[in-house]
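Residues per chain are reported as follows:
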Amino acid sequence: MNITAAPTGLPAAGAEMTFGRHGRRTGMTQPSTPTRPAAISAQGLVREFNGLTAVDHLDLDVGRGEIYGFLGPNGAGKSTTVRVLCTLLSPTAGRAVVAGYDVATQPGKVRLRIGVALQEAALDPKQTGIELLRLQGRLYGLSRSEIDGRLADLGQLIDIGDALGRPIKTYSGGMKRRLDLAAALVHNPEVLFLDEPTSGLDPVSRARMWEEVRRLNRELDMTIFLTTQYLEEADELADRVGIINDGRLVAQGTPDGLKRSIGNDLIVARLDASAARAREAVESLPGVLSVEAKGDEVVVTAIDGAEAIGAVAVALNTVAAVRHLTLRTPTLDDVFLELTGNHIQPNGRGPGEAGTDETTGRETVEVGR
Amino acid sequence: MTALDLNVGAEIGARIGTEIGTVRAKPAPAPRDVVSIAGRALRGVPRELETVIPPIFIALFFFVVNIGTLQSITERHIKGFDIKAFMLPTAILIGVTGVSRAGSLVLDIQDGYFDRLLLTPVRRLAILMGHMVADVAVACLLTVPILLLALALGVGIESGPIGVVAFIAMAGLWSLAFAGFGYAIALKTGNPAAVNSSFLLFFPFLFMTSSYVPRGQLTGWLNGIAAWNPVTYVLEGQRSLVTHGWQWADLGKALLAISVVGLLSMSLCLVALRGRTRRG
């Protein structure tokens, strides 16, 4: 594992996963640390409020240029973690380094290098959009020409046309979110914190926000720390996901790895005729672990469903015509359930989760339980 | 190479820097921070005329009504007394006392915009000072229509044009000193109702003093309180500029009174600011 120590001397944490708090899972095979130098590093981070522990000995490392999804239910400690990492709160104990500087002892240097879009768009409703962005640029020490240049660069993101000259109080929720993100980006930060950036947005606005997050990461190699309670968002955007519950990091890894670590993929097929002969046709295929047939339905357990589904479909077609074929994979909610005994959201899904097929384009994949 | 060439070159350089993503934040000089915040506060004034119009109206109202009520009785009983000149500082202080952006600061806290400011490298003190600079500017502007009315009514300023400037500056400084209480409450509580309640301080300050008649005409107990009320000395300092010219003793006492109130309110303000921006 290649971890580079931060400039302040904080050694990169070997943030191994903290499992088994609920006596359920005690290990995963996913790498828990990034493969690039750390842009964000925390060791034993604790934040208490009047004796209540909101963040409980958090260890994490986020590599430069990585999109890190911080997933957890309401009240898990996501926003408190962000507020500590972006210098709005001091840690009660432990240490955190962001962009090479200690958040407790060098907050000014951290602020110069980070951009933050908090959970609620932090805007002044009486200013116009352009006034807010220009003021933001001035407070970051940018010259007028630099601000003009950045506004031109951010034009596509802002994309609110003439409304930029109108008071912010007249903006829609989506426009406010985009302006808030633009304000966080005016000074071209190295690390961007997004605290539930799509909360309350309609699906179109959410998709646009996702695309912008991807573009920032892809084109500018910006490190992005994204908190969310939406499973789909973490799944879609994050290179790695940390799952937090009751202030503790309970799992960390790539979304696929985390899901795979708790179970195998299921391929469910319905045939035009009896599935009795399906077992012998499919069970010897590479990657297939087991086959169950009942009536006209066949359930195939595979190590990698996406890899096996083509061969399974062809083999089943030799038995009978395949009417319906579905690949089911475990979700991050399944991971959370496995680790904590609870769903991240009461119904086990985040908003938009039901539309996974449409938004991801994975037509053969039904994400769900 | 001419200065123009250098400017164009710098602009092109900055533009290229922007395009290749090399724009990097840096701490702005402290005066620039203050000017930036003050500029935002001043831009907000025309959008919130409801915070400016009532103080002007109230000041003009009391100026006219008090003259109408008291002119006959005071000028008849006090030899050489000019009620219009006497009432001018009272009207001005009624107008500028309590004028502040503390209410807007509370809204910033509630809207989360204060957090956005704290996330930038701006100096915490500059946030407060920027608002206060705007307050002083607004307070000075508020005095103008009242002064114009007084001049139209025949009030002469004995200390001349420079005295007018000193008069306005004194009003602005008093406004700032008093505004500190509102900011302290705003930063401490983050509650608009609490900020509005700071208006209650207005009454003892402005009415338990020589607002309506000279101190010598006040009854015993009120005269005793007026002697301890800093507004008494601010009024007397301003009146001296209007009716007697440059009376350095009166002006010194006025500035001392403003300084004492300012020291108290700003101390409270700084403690509240430290509490609000404390990250622990």
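Because the structure is a prediction, the values reported are computed rather than measured.

Some thoughts on the overall build of chain B
Alright, step 1. Tallying secondary structure elements over chain B gives 13 helices and 0 strands in all.
Alright, step 2. When the helices and strands of chain B are read in sequence order from the N terminus, they spell out α-α-α-α-α-α-α-α-α-α-α-α-α.
Alright, step 3. For chain B, the spread of C-alpha atoms along the principal axes amounts to about 80 × 50 × 35 Å.
Alright, step 4. Put simply, chain B has 280 residues, and 42% of those count as buried.
Alright, step 5. Long-range contacts, defined as pairs at least 24 residues apart, comprise 79% of the intrachain contacts of chain B with a sequence gap of at least 6.

Description of the packing of helix H3 (residues 129-139) of chain A against helix H5 (residues 173-185) of chain A
Residues and elements named next belong to chain A.
Alright, step 1. Where H3 contacts H5, the axes come no closer than 9 Å and their chain directions differ by 20 degrees. One finds that H3 runs roughly parallel with respect to H5. Between H3 and H5 lies a crossing whose hand is right-handed. Residues Gly129, Leu132, Leu133 and Gln136 of H3 form the contact with H5, whose own contacting residues are Leu179, Ala182 and Ala183.

Overview of the sheet that holds strand S8 (residues 223-228) of chain A
Residue and element names in this part refer to chain A.
Alright, step 1. Pairing within the open sheet is mixed, and its 6 strands lie in the order S6-S7-S8-S3-S9-S10. Strands at the two margins of the open sheet, each flanked by one partner only, are strand S6 (114-117) and strand S10 (248-253). Geometrically, the sheet is characterised by an average inter-axis angle of 15 degrees between neighbouring strands, direction not taken into account.
Alright, step 2. Both S6 and strand S7 (residues 191-195) contribute to a ladder of 4 bridges, which runs parallel. Considered in S7, the bridge of glycine 115 is made with leucine 192.

Topic: the environment of valine 204 of chain A
Residues and elements named next belong to chain A.
Alright, step 1. With respect to the helices and strands, the residue valine 204 is situated in helix H6 (residues 203-220).
Alright, step 2. When the 9 C-beta atoms within 10 Å are taken as the criterion, valine 204 is described as exposed.
Alright, step 3. Along the sequence, valine 204 and leucine 258 sit 54 residues apart, while their C-alpha atoms lie 28 Å from each other.

Some thoughts on unusual backbone geometry
Residue and element names in this part refer to chain A.
Alright, step 1. Notably, alanine 99 is not glycine yet its phi reads approximately 55 degrees, a positive angle.
Alright, step 2. Assignment of secondary structure puts alanine 99 in the loop between strand S4 (93-98) and strand S5 (101-102).
Alright, step 3. Alanine 99 sits in the buried class, given 22 other C-beta atoms within 10 Å.

Regarding the nonpolar core
Alright, step 1. Among the nonpolar cores identified, the biggest contains 155 residues, and Leu85, Val98, Phe193, Phe225 and Leu226 of chain A together with Trp174 and Val234 of chain B are the most heavily contacted of them.
Alright, step 2. Per element, the largest residue contribution to this core is 16 residues, and it comes from helix H8 (residues 160-189) of chain B.
Alright, step 3. Each residue touching leucine 85 of chain A, except ones within four places of it in the same chain, is listed here: Ile40, Ala96, Val98, Val103, Phe193 and Phe225 of chain A.
Alright, step 4. Within the second largest apolar cluster, 21 residues are counted, among which are Ala275, Val288, Ala293 and Val298 of chain A.

With respect to the domain arrangement of chain A
In many analyses, interface size is given as the accessible surface area lost on bringing the parts together.
Alright, step 1. Its domain assignment divides chain A into domain 1 (38-259) and domain 2 (264-329).
Alright, step 2. Between the C-alpha centres of domain 1 of chain A and domain 2 of chain A the distance comes to 43 Å.

As for the interface of chain B and chain A
Alright, step 1. Each partner contributes to the interface: chain B provides 32 residues, whereas chain A provides 34 residues.
Alright, step 2. Counting only elements with at least two residues in the side of chain B that touches chain A, the list comes to helix H1 (3-19), helix H2 (30-44), helix H5 (102-111) and helix H6 (113-119) of chain B.
Alright, step 3. A per-element tally of the side of chain B that touches chain A places H2 of chain B first, with 6 residues.
Alright, step 4. Considering only residue class, the side of chain B that touches chain A consists of 10 nonpolar, 7 polar and 15 charged.

With respect to H8 of chain B
The periodicity of an α-helix, 3.6 residues per turn, causes residues three or four positions apart to be oriented the same way.
Alright, step 1. The end-to-end C-alpha distance of H8 of chain B, which contains 30 residues, comes to 44 Å, matching closely the 44 Å that a straight helix rising 1.5 Å per residue would cover.
Alright, step 2. Two residues or fewer past H8 of chain B, glycine 190 of chain B is found with a positive phi of approximately 65 degrees.

Overview of the sheet that holds strand S1 (residues 38-49) of chain A
Residue and element names in this part refer to chain A.
Alright, step 1. Across the sheet, 4 strands lie side by side as S2-S1-S4-S5; this open sheet has antiparallel pairing. The strands lining the two open edges of the sheet, one partner per strand, are strand S2 (52-63) and S5.
Alright, step 2. Here S1 runs beside S4; their pairing, made up of 5 bridges, is antiparallel. Each bridged residue has a counterpart across the sheet, and for glutamine 43 the counterpart in S4 is arginine 95.

What counts, and where the lines are drawn
Residues numbered from 1 in each chain as written. Chains lettered and ligands numbered in written order. Predicted model: local features only at pLDDT ≥ 70, side-chain atom pairs only at ≥ 80, totals over all residues. Helix = DSSP H or I, 4+ residues; strand = E, 2+ residues; numbered from the N terminus. Buried ≥ 20, exposed ≤ 12 C-beta atoms within 10 Å, placed from the backbone. Contact = placed C-beta atoms within 7 Å. Axes fitted to C-alpha atoms, helices over the stretch in contact; angles between N-to-C directions. Parallel < 35°, antiparallel > 145°, perpendicular 65-115°, else oblique. Left-handed = near helix turned anticlockwise from the far one by under 90°. Pairing = 2+ DSSP bridges. Core = buried A, V, L, I, M, F, W, Y, C linked by C-beta atoms within 7 Å. Domains from an automatic or database assignment. Nonpolar A, V, L, I, M, F, W, Y, C, P; charged D, E, K, R; others polar. Expected span 1.5 Å × (residues − 1).

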